[in-house]
Amino acid sequence: MTSVTTAHSVVEPSATTRRFAGSLVVLYAVITMIPLVWIMLTAFKSPDDAISYPPKVMFKPSLEGFCNLFTTRSRQTPEFIRSLGPPQGLCDSIARERNMVVAGPSNYVPRFVNSLIIAFGSTVLAVALGTLSAYGFSRFRVPLKDDLLFFILSTRMMPPIAVAIPIYLMYRTIGLSDTRLGMILLYTSVNVSLAVWLLKGFIDEIPREYEEAAMIDGYTRFQAFVKVVLPQATTGIAATAIFCLIFAWNEYAFAVLLTSGNAQTAPPFIPIIIGEGGQDWPAVAAGTTLFLVPIVVFTVLLRKHLLRGITFGAVRK
Amino acid sequence: MAEVEINAVSKAFGKTQAVSDLSLTIGDGEFVALLGPTGAGKTTALRLIAGLERPDSGSIRIDGRDVTGDAPADRDVAFVFQQYSLYPHLTVFENMAFALRAPTRRLPEADIRAKVQEVARLLHIETKLDNKATHLSGGQMQRVAIGRALVRSPSIYLMDEPLSSLDAKLRGELRLELKRIQVDLGATILYVTHDQTEAMTMASRIGVIEAGRLMQIGSPREIYENPINAHVAARLGQPTINLLPAALFAGMPAGAETIGARTEHLTIARGGGDVSATVKRVEHLGDQSHLHLDLGGRSVVTLADPEAGLGAGDVVSLRLNKPLFFDAKGGRVAA
């Protein structure tokens, strides 16, 4: 009889299967990462390297893209540039090599700040409203509950842009066009349906006995919700928040239509950069690279809440 | 601790009548067990008293105060759930302190610590206080669940089959402990169970509940010896009471359709009894044996001395010894 070195259950995949599955995942990850990596590389190229053919993988890194992203420049005669004093910082010296001077900051930072405020604001609002209504749908006898839930879901059955014109007219009439509040409300209304459905699933799984025990122990229903339900729903809330944030952060069509000078977000702004001084792909790539950072940070921060199974086992089923 | 009075309470869920016209008074310091099968309305009765359900009719008074419409938090009751329901995000200490930290109480932290430690010692979980509630064995979790109720001094403890998810040995141990604690604290407890041993050993009175109705309430001895109908008789006793057609025996009282014969009502002899029966099977349990008999096509189970040396196929004779009599509807008929 041969000796068994590793005991493993029949439902567990074998080592070969695991290696095969693992290499598929790695392959998929590599394919999806290539465009991102290319954008990040382009951000550090010079404009000439960015459009060279064949494409350059090895190149001399440059911060010109970031300089062009954060500044506006004006073209000057070489005589005028020579008449100026020493360059003011790195970006100024890069600009002067191209016979330009830095005229002032670009709109990237204000647009980025708009994006942060609108995306995080609408995420907080959508998750808060979603959690409360999901709790209501999960725990109370709501008249026409199934129909209401279907109605909420049905708001996602058409592309949001299908209602763009009514929303545009409505916003213009009530003065919400090109305001951060208007964009927050818009993204909240799109996301809240997703939040209700996702969170209802999570809250349904939390046994009612927890709240009942808390209510008998001297807490009101709302206090029980805060003390007992919310801590156990963190996994669901974190996952929902990430989905809502990604939508609001990346949304382009409504942002183009409804915002301009005041509340414009980064997505409609980034493509405009290319027009300011020719084929400035490095600046676009730099804007895109920085644009990824908040989502990555947010996802990494919430990552541990996304692991399921932490709360399992306290109630026997 | 206080008296709890349930007066003609009914509750239906849709078309299902969970509790019908339930009246019950639990005296101060009394341990009352509600005994009945699954779905009999035992848990609903507890939830009505706790305020987790509103009765359709009837009233509930705790310590003389009508609490029928009050929120659970305002009733001063403690509840031990069947499925532990420990908060998984809190430690054992935090679980037990949860009720004491309620906004309505706001006890000083030092008092909370002292109280939790006192109860933890009582339940032998004082070394587990810093553990996450989920990192405990089933028995320990159930102790914490009981401890969470014991840290308070409510009017009444409501316990919903708190021992049912434990293994037999642990259940036996906790049963004794729970009774000891109840006596020590003088606690008023309404305890719901489908386990007759728990009801018989712990309760000062047992209420037998069936299809939402309270059939009979009395001391364990009363319920066992003097059941008002065949349902109640079948609830208590191990092995279960044998219900046999009266026609099998001669000289039965008028109106008696069914004879209820527990083990102690049957005398087995090798010959010379009222009727004869054939041994089908003998189950040896160690100190005693279950004897399965065939009596005119009816199955009869009784206890026998393991020394009797009976085996399958043996013919024995049975003599009835003051059995119980029931009429066609299952009601009791006097002997």
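Computed from a predicted structure; not experimentally measured. (Residues numbered from 1 in each chain as written. Chains lettered and ligands numbered in written order. Predicted model: local features only at pLDDT ≥ 70, side-chain atom pairs only at ≥ 80, totals over all residues.)

1. A short note on the overall build of chain B
Then, in step 1: Looking only at helices and strands, chain B features eight helices and 19 strands.
Then, in step 2: For chain B, the spread of C-alpha atoms along the principal axes amounts to about 75 × 45 × 35 Å. (Helix = DSSP H or I, 4+ residues; strand = E, 2+ residues; numbered from the N terminus.)

2. Regarding the overall build of chain A
Then, in step 1: A count of helical and extended segments in chain A gives 15 helices and two strands.
Then, in step 2: Here the C-alpha radius of gyration of chain A, 26 Å, is well above what a compact globule of 317 residues would show, namely 20 Å.
Then, in step 3: In chain A, once contacts between residues fewer than 6 apart in sequence are set aside, the share between residues at least 24 apart is 75%. (Rg over C-alpha atoms; globule rule 2.2 N^0.38 Å. Contact = placed C-beta atoms within 7 Å.)

3. Re helix α1 (residues 42-50) of chain B
Residue and element names in this part refer to chain B.
Then, in step 1: When you tally the buried positions in α1, you get nine out of nine residues, the bulk of the element.
Then, in step 2: Taken residue by residue, α1 has K42, T43, T44, A45, L46, R47, L48, I49 and A50 as its buried positions.
Then, in step 3: A positive backbone phi angle near 90 degrees is found at G51, which sits one or two residues after α1. (Buried ≥ 20, exposed ≤ 12 C-beta atoms within 10 Å, placed from the backbone.)

4. What about the confidence of the model for chain B?
All names here are of chain B.
Then, in step 1: The pLDDT averaged across chain B works out to 89; a share of 99% of its residues lies at or above 70.
Then, in step 2: Averaged pLDDT values for the elements of chain B fall to 82 in strand β13 (residues 266-269) and rise to 95 in strand β3 (residues 31-35).
Then, in step 3: The ipTM value of the predicted complex is 0.82, and its pTM value is 0.79. (pLDDT = per-residue confidence, 0-100.)

5. Digging into the sheet that holds strand β18 (residues 324-326) of chain B
Within a beta sheet, neighbouring strands are joined by backbone hydrogen bonds and run either parallel or antiparallel to one another.
Residue and element names in this part refer to chain B.
Then, in step 1: A sheet is described by the order of its strands in space; here four strands give the open sequence β11-β12-β18-β19, paired in antiparallel fashion. What marks the edges here is a single partner per strand, and that holds for β11 (242-245) and β19 (332-333).
Then, in step 2: Bridge analysis of strand β12 (residues 258-261) against β18 gives three bridges, and the strand direction is antiparallel. Counted as the bridge partner of I259 is F325 from β18. (Pairing = 2+ DSSP bridges.)

6. Some remarks on the interface of chain A and chain B
Then, in step 1: Each partner contributes residues to the interface: chain A has 20 residues there, and chain B has 24 residues.
Then, in step 2: Those elements that provide at least two residues to the side of chain A that touches chain B are α10 (209-216) and α11 (221-232) of chain A.
Then, in step 3: Counting residues per element, the side of chain A that touches chain B draws most heavily on α10 of chain A, at six residues.
Then, in step 4: Of the residues contributing to the side of chain A that touches chain B, the split by class is ten nonpolar, six polar and four charged. (Nonpolar A, V, L, I, M, F, W, Y, C, P; charged D, E, K, R; others polar.)

7. Focus on the sheet that holds strand β16 (residues 298-304) of chain B
All names here are of chain B.
Then, in step 1: Read from one edge to the other, the open sheet built from five strands follows the order β13-β17-β14-β15-β16, with strand pairing classed as antiparallel. In this open sheet, the two strands that pair with only one neighbour each are β13 and β16. Sheet twist, expressed as the average angle between the axes of neighbouring strands with direction ignored, equals 40 degrees.
Then, in step 2: Both strand β14 (residues 275-284) and strand β17 (residues 315-320) contribute to a ladder of four bridges, which runs antiparallel. Across the sheet, residue S276 finds its bridge partner in β17, namely S317. (Axes fitted to C-alpha atoms, helices over the stretch in contact; angles between N-to-C directions.)

8. Considerations on helix α9 (residues 180-204) of chain A
Then, in step 1: With 25 residues, α9 of chain A extends 34 Å between its outermost C-alpha atoms, agreeing within 8% with the 36 Å of an ideal straight helix rising 1.5 Å per residue.
Then, in step 2: A bend of about 35 degrees at N191 of chain A is the largest found in α9 of chain A. (Expected span 1.5 Å × (residues − 1). Bend = angle between axes of the 7 residues up to and from the residue.)

9. Notes on the packing of helix α6 (residues 108-139) of chain A against α9 of chain A
Residues and elements named next belong to chain A.
Then, in step 1: One can describe the packing of α6 onto α9 by two numbers: an axis separation of 6 Å at closest approach and a directional angle of 40 degrees. Our pair here, α6 against α9, has a crossing hand that is right-handed.
Then, in step 2: Partitioned by chemical class, the residues of the contact of α6 with α9 number 17 nonpolar, nine polar and three charged. (Left-handed = near helix turned anticlockwise from the far one by under 90°.)

10. Concerning the nonpolar core
Then, in step 1: One finds I49, F79, L158, L190 and Y191 of chain B to be the most contacted residues of the largest nonpolar core, which totals 139 residues.
Then, in step 2: Ignoring any residue separated from it by four or fewer positions in sequence, one finds L190 of chain B in contact with I26, V32, L34, L46, I49, I156 and L158 of chain B.
Then, in step 3: Counting 19 residues, the second largest nonpolar core, distinct from the first, contains A266, F269, V284 and F291 of chain A. (Core = buried A, V, L, I, M, F, W, Y, C linked by C-beta atoms within 7 Å.)

11. What to know about the confidence of the model for chain A
Then, in step 1: For chain A, the average pLDDT comes to 88, and 92% of its residues sit at 70 or higher.
Then, in step 2: Ignoring residues within four places in sequence, the model shows residues 309-317 of chain A, a span with pLDDT below 50, making 17 contacts including any to other chains.

12. Regarding the pairing of β12 of chain B
All names here are of chain B.
Then, in step 1: Here β12 shows a buried face lined by T258 and G260 and a second buried face lined by I259 and A261.
Then, in step 2: Summarising the sheet, β11 and β12 pair through four bridges and their orientation is antiparallel. Paired with N242 across the strands is A261, a residue of β12.

13. Focus on unusual backbone geometry
Residue and element names in this part refer to chain A.
Then, in step 1: In the segment running from Y53 into P54, the intervening peptide bond is cis, with an omega of -5 degrees.
Then, in step 2: Among the secondary structure elements, P54 is positioned in the loop between α2 (47-50) and α3 (64-70).
Then, in step 3: We note that D178 has phi near 55 degrees; this positive angle belongs to a residue other than glycine.
Then, in step 4: Among the structural elements, D178 can be located in the loop between α8 (164-174) and α9.

14. Looking at the pairing of β17 of chain B
Then, in step 1: When β13 of chain B meets β17 of chain B, the two strands line up antiparallel, connected through four bridges. Looking at the pairing, L266 of chain B lines up with L320 of chain B of β17 of chain B.

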